[in-house]
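Here's the letter readout for the chains.
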Amino acid sequence: MCTQRAAHHRQVAAAASLENVRAIALAAATAWDIQAKEAVAREAGKPDMLSADDAAIALEFQLEDEEEARMCASDKLDKAY
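Our subject in this report is the structure included herewith.

Calculation notes
Residues numbered from 1 in each chain as written. Predicted model: local features only at pLDDT ≥ 70, side-chain atom pairs only at ≥ 80, totals over all residues. Heavy atoms only, no water. Helix = DSSP H or I, 4+ residues; strand = E, 2+ residues; numbered from the N terminus. Buried < 20%, exposed > 50% of the residue type's maximum accessible area, 1.4 Å probe, protein only. Patch = residues over 30% accessible without salt bridge, like charges linked within 9 Å, V, L, I, M, F, W, Y side chains within 5 Å. Areas by Shrake-Rupley, 256 points an atom, 1.4 Å probe, with all protein chains shown as cover. Salt bridge = Lys/Arg side-chain N within 4 Å of Asp/Glu carboxyl O. Axes fitted to C-alpha atoms, helices over the stretch in contact; angles between N-to-C directions. Parallel < 35°, antiparallel > 145°, perpendicular 65-115°, else oblique. Left-handed = near helix turned anticlockwise from the far one by under 90°. Contact = heavy atoms within 4.5 Å. Nonpolar A, V, L, I, M, F, W, Y, C, P; charged D, E, K, R; others polar. Expected span 1.5 Å × (residues − 1).

Along the backbone of the chain there are three helices and zero strands. Every one of the 81 residues in the chain was classed for burial, and the buried ones make up 11%.

Another aspect to go through is a nonpolar patch on the surface. The grouping of Val12, Leu18 and Val21 at the surface amounts to a nonpolar patch, some 220 Å² of accessible area in total. Classification of Val12 as partly exposed rests on a relative accessible area of 30%.

Tallying each qualifying case throughout the model produces three salt bridges. Measuring nitrogen to oxygen at the nearest pair gives 2.2 Å for the salt bridge that ties Asp33 to Arg10. Of this pair, Asp33 sits in helix H2 (residues 19–43) while Arg10 sits in helix H1 (residues 2–15), and the two are 23 residues apart along the sequence. By relative accessible area, Arg10 is classed as partly exposed at 38%. For the salt bridge of Arg70 with Glu67, the shortest nitrogen-to-oxygen distance reads 3.0 Å. On the criterion of helical spacing, the pair formed by Arg70 and Glu67 is a turn pair, its members being three residues apart in helix H3 (residues 52–80). Exposure remark for Arg70: the relative accessible area of 48% places this residue in the partly exposed category.

Further remarks concern the packing of H1 against H2. Axes are the key here: two packed helices are described by the angle between their axes and the distance separating the axes. As a packed pair, H1 and H2 sit with axes 8 Å apart at the nearest point and diverge in direction by 165 degrees. With respect to H2, the element H1 is oriented roughly antiparallel. Judged by the sense of rotation from one axis to the other, the crossing of H1 with H2 is left-handed. Residue-level inspection shows Cys2, Thr3, Arg5, Ala6, His9, Arg10, Val12 and Ala13 of H1 in contact with H2, the latter providing Arg22, Ala25, Leu26, Ala28, Ala29, Trp32, Asp33, Gln35 and Ala36. Among the residues forming the contact of H1 with H2, the class breakdown is 10 nonpolar, three polar and four charged.

As a further point, take H2. Taking 1.5 Å of rise per residue, 25 residues should cover 36 Å, and H2 covers 36 Å from first to last C-alpha, within 8% of that figure. For H2, the full list of buried residues reads Ala25, Ala29, Ala36 and Ala39. Of the residues one or two after H2, Gly45 is the one with positive phi, at around 85 degrees.

So yeah, pure geometry; function would need other evidence.
Shown next as structure tokens:
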């Protein structure tokens, strides 16, 4: 299904007379291609992998959580003294 959707969006891009419509359709085709690759990997039994963007976001959340934990620990030490 993902490959079919990607092909559809490429057809939309090829038929579009407006540049912004072409750009959006090509971006959608790219997204569907990524989904297709991930689906093939899942069906082959490979573990899910994060994209580089998703990994960066996950790392940012982790760093924020660690900083918050340090701040809480620091506050508790300050209150103890």
